Every structure is written in C-alpha cells, then in structure tokens.
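Chain by chain, the residues:
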Amino acid sequence: MKKLLLIFTVICSLLAVVSCQEEELDLKNPNALTTDQFWVTPNDAELGVNSIYAMFYKDGLWARWMYFRLDLTSDEGFSTSPWIELADWTRFNYINYNFWEGNAVTWRDSYKAIFRANQVLANVPEIEFEDEARKQSIIAEAKFLRALHYYYAGLLWENIPMVLEPSTPDALPQQVSQEEVFAQVEQDLNDAFTDLPMQWDAENVGRPTKGAVKAMLAKVYMQQHRWSEAKTALDFLVIGEGANYSLVDNYKDNFTDINENNSESVFEIQFGDQRRGGTGEGQDASVSNTRAQFFAPRGIGWSDGQARFWLVNAFKQEETVTGGIDPRLQHSLFYPSLFEDFGDRTYGREWEWGEDEAWFRKGARDYKRDNEDYFSGVNWRLIRYADILLRYAEVLNELDMTSEAYQYVDMVRERANMPPLAEAYPEIGNDQDRFLDRLKIERVLELSGESVRWEDLKRWGDLDDQASVDEIAERDPDFNNFEIGKNIRMPIPQVEVENNPNLEQNPQY
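Residues numbered from 1 in each chain as written. Predicted model: local features only at pLDDT ≥ 70, side-chain atom pairs only at ≥ 80, totals over all residues. Heavy atoms only, no water.

1. Some remarks on the overall build of the protein chain
Then, number 1: Check the secondary structure of the protein chain and you find 21 helices and 8 strands.
Then, number 2: Taking 23 Å as the expected radius of gyration for a compact globule of 509 residues, we find that the protein chain reaches 23 Å, a close match to that expectation.
Then, number 3: Counting every position in the protein chain, which comprises 509 residues, the buried fraction comes to 61%.
Then, number 4: Long-range pairs, those at least 24 residues apart, make up 67% of the contacts in the protein chain between residues at least 6 apart in sequence.
Then, number 5: Put simply, the protein chain shows about 19400 Å² of open surface, and 47% of that area lies on carbon and sulfur atoms. (Helix = DSSP H or I, 4+ residues; strand = E, 2+ residues; numbered from the N terminus. Rg over C-alpha atoms; globule rule 2.2 N^0.38 Å. Buried < 20%, exposed > 50% of the residue type's maximum accessible area, 1.4 Å probe, protein only. Contact = heavy atoms within 4.5 Å. Areas by Shrake-Rupley, 256 points an atom, 1.4 Å probe, with all protein chains shown as cover.)

As structure tokens, this is what we get:
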C-alpha cells in the first residue's frame, strides 16, 4: 500500500550523529539530536527502522543505478548512451573505479542502508516497549533489510567489508569473502524469521514477511549451490505453511500501479510519485523510481539502457496452445512489431524504429496514468511467486527430482497459455542438463528485465569458462570484453581501498 510511503521519514540529524566526534555528543542542540537523545521511545524505533526503507529510494540502489548493474550488465541489456563512461560500465570497460554512477554511489548507498540497520539493531533492544512483539518485529525488519543489502553487495563485489555495528568515521572494517558475507545474510534472515508475521495489515504492506525471508534464504542458498537447504526454504513458500501465494491471472498486473501488492508479490518495493524532490535527505525527498526515465525509448526518456533483441526472438520460438505469440512479450518489451503482433503501441505512439531494436517495458511509465513524468510510482516487484516456482523447479532438478519439477514450470507456462513442458519438449525427459537448459529459457521468458539475470548467470556457472562466455557473446557482444575470473565481480571503488588498509582490490583489477 502507498500509505507505507508516508511513514518512511528520513531522520537526517540521526544519520549524521554517529559521524560526530565524541565531545560533540555532549551538545544539546534541539535541531541536531544525538544518539542518547534520540533512541529513547518506541516511536524513535519506528522512525529508525523506517529510515532503512528510505534507502530503496536512493540513486545508488533501487531508484536508479541498481538496474544498470543487474539488467544492463547481463546479456539481457546494454547501453548506447552518449555518456561513454556510463555505457562502458555495462560492457565491462571499468577504467575509473571511482566512477560515481557506475560504482561508487551503489557502494555508498548499500553501506548507508547497512549503517541504518545497524543503528536499529544496536539501539532498539535498550528501548522499553509496552508492545514487546512490536519491538521484536522492528529488530527483525532491520535484520531482513541488512541481509538484503548485504546479499546484493556480496553479489556485485563479493569481497567486501563486514560492518555489524554503527560505524564511526575512523573505522577500518575488515574485508571478508563472499562466502562470509552470505553466511551473515543467512544468519540475519534466520534470526528475522521468528519475529516477522505471515502478512501485515493494510497500513504496513511492504514490510517483509516470513515468506520474504524464506525467498531471500532460497536466493542465498542457491547462489552457493546448497540445494537441499534451498529446497527447505522454498518448501515453505510452495507446499508448506507459507504457501499462500498464487499467480495473478493477468501477467500485466505485475507491472502496473493498479494491482500492486497482489497475491503474486513476495517482496515489493513501495514506490510513489507524491513527492518529486531529489534523492537527498530532506522531507521532500523523492519516493519514486527513475528507471523508466533512463530506460525509455528515444523521445520519451534518456535512453541510457535498452534490451537485446535476442529476447524478442526468444519469445517467438514457441507458439501458445492456440497458435499465438507468447503474451508475455507484449508486457516485457517495446519492439518494432509490437503493434503488428498485439495491436499495442510504444507509449501509445507511432514509432520510428531502428533495426533489431528493443527496450524494456517492465518498469516503464506507460502503465501509469500520468506516463510522461520523470518519476514513476509503479512498485518494483523484487521477488514474485513466478520466480519462486521456477526456482523450486531448478532446485528439484538439481536434487535429481526432475520428474517432480515439471509441474512448477507448467504453472508458470499455463498462465501464458503455453502447453505443458513435457508435451512441448518431450526430448528433455528426466535429463537434468536438458531440463536446466530449458529452464534457463523459461526464466528469461517469465522474468526478463526484472533484475535476476545477473545472479542467474553467476549461479549457473555461465561466467566461469571461456566457452560459455563466448556463447553469451554471440547474443550480447559486450561479453567479448568479459575477462574470466575478473569481471564476475565489480572493482571496489579505489578510494575505499586507498583509505582502508584492511581492503584489497578485487582480483585482476
């Protein structure tokens, strides 16, 4: 619900306080609260945890640049932006490791989110609550959000500092491996599970649930190929106590502002356009998503990121049961024959197309009633049930339960009016490799442009050997620049390495 946005107040003075020198903490400035003045009441705790959610609306994270890291760096997208340095960061030409939009701002905002979570975890336990259950759920929310941000930081950079207490300006945190990062993510999620509800009331929709915890656990287990543990986590969502999710009838409903927080949503970032300020720390700070502006076709937005045309072809490889085109294509991409195929137009307009040109439609403003604005208030479905079902099928296949995996792929295919997988591809049988190869395509058809492809490629090992990378380069020439063992992770901003003797730059950079 959009109501939740109204309470995501950023406590600017609170966030600045821990960077003060010790002697400054004795000041009693009513306009700049210190930590001992602020963390006193349950309301302070509420404001503190809400400030973590506010980080979703920052440039470095899900308001803007995270999509460049996860969608455009993968083989689904690319950039022809005239801003050469920006485009280079989607094609593995990393020269300036401190490049703000490509690297440093996402690092900064990831650690700001972690810092805010650490403040809650350090201070809320000492606050007296009449409602002890709410106190524990606030702590659990903070642990979930810290885990989420560490998961993506570990996915992108792998070897990063581990900070579990409110940091100070002179802190020099120790660098840990991706394995250690994911271990902390796992611990935080397991800790959070007990005190989070199965669902929230209407005023608090958008906060994490037990289902969101299990979904994140499945992600972190799968990236480590811990298939049995991933199955246990997914069991909860698919066949267990938390199996209260379902696919919505209309695929389009996952990408509009009309049917947000629906039965398919496992965890959803709540965006809105009621505040159209910048992304700073003021009370007018934006709560919107600017992906649409950066990924929109020419004449609508800045056109800094677009889709590879091989995605269009992938949708047309197989007909529906009635001989039509996979309907998910209409809601996934803008492309030259959109009107011919579906009677639909790009942003409702006639369009002059280049050859083999496509743009991401998910996250676009054309599903918003006011679709010409810089700001998009359409929620971002970070985890939805279709992803869970396909992950469950992948895990079952890895556990030599291929025959049981088919039904979960078929649930996703059925909504798109596609025939059962065994009927369409009988040659797969119970061959695990063939099933996985097909599942890779099924995930593209269902989830393209939803910021999951980069982690998929890493999990599948497709970035680990030259033959696989060469195959990817056939559909995405940017991968001709990809160096094995190097570009699977981003470089740490160089200023961080220079200022902290406990950090080493990532291998081969």
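2. Quick look at the nonpolar core
Then, number 1: One finds W62, F144 and F479 to be the most contacted residues of the largest nonpolar core, which totals 145 residues.
Then, number 2: If you tally residues by element for this core, the top one is helix α7 (residues 132-156), at 14 residues.
Then, number 3: Discounting residues that sit within four places of it in the chain, F144 has contacts with L189, A192, L196, P208, A212, V213, M216 and F267. (Core = buried A, V, L, I, M, F, W, Y, C linked by side-chain atoms within 4.5 Å.)

3. With respect to the layout of surface pockets
Then, number 1: By volume, the second largest pocket amounts to about 440 Å³.
Then, number 2: D437, K440, I441, E471 and R475 are the residues nearest the centre of the second largest pocket, which is lined by 15 residues in total.
Then, number 3: Among the secondary structure elements, those contributing two or more residues to the lining of the second largest pocket are α12 (310-315), α18 (432-447) and α20 (466-475).
Then, number 4: The element that contributes the greatest number of residues to the lining of the second largest pocket is α18, accounting for 5 residues.
Then, number 5: Here the lining of the second largest pocket is built from residues that sort into 6 nonpolar, 2 polar and 7 charged. (1 Å grid on protein atoms, 1.4 Å probe; cavity = no way out; pocket = protein on both sides within 12 Å on 5 of 7 lines; lining within 4 Å. Points joined across faces, edges and corners; volume = space filled by probe spheres on them. Nonpolar A, V, L, I, M, F, W, Y, C, P; charged D, E, K, R; others polar.)

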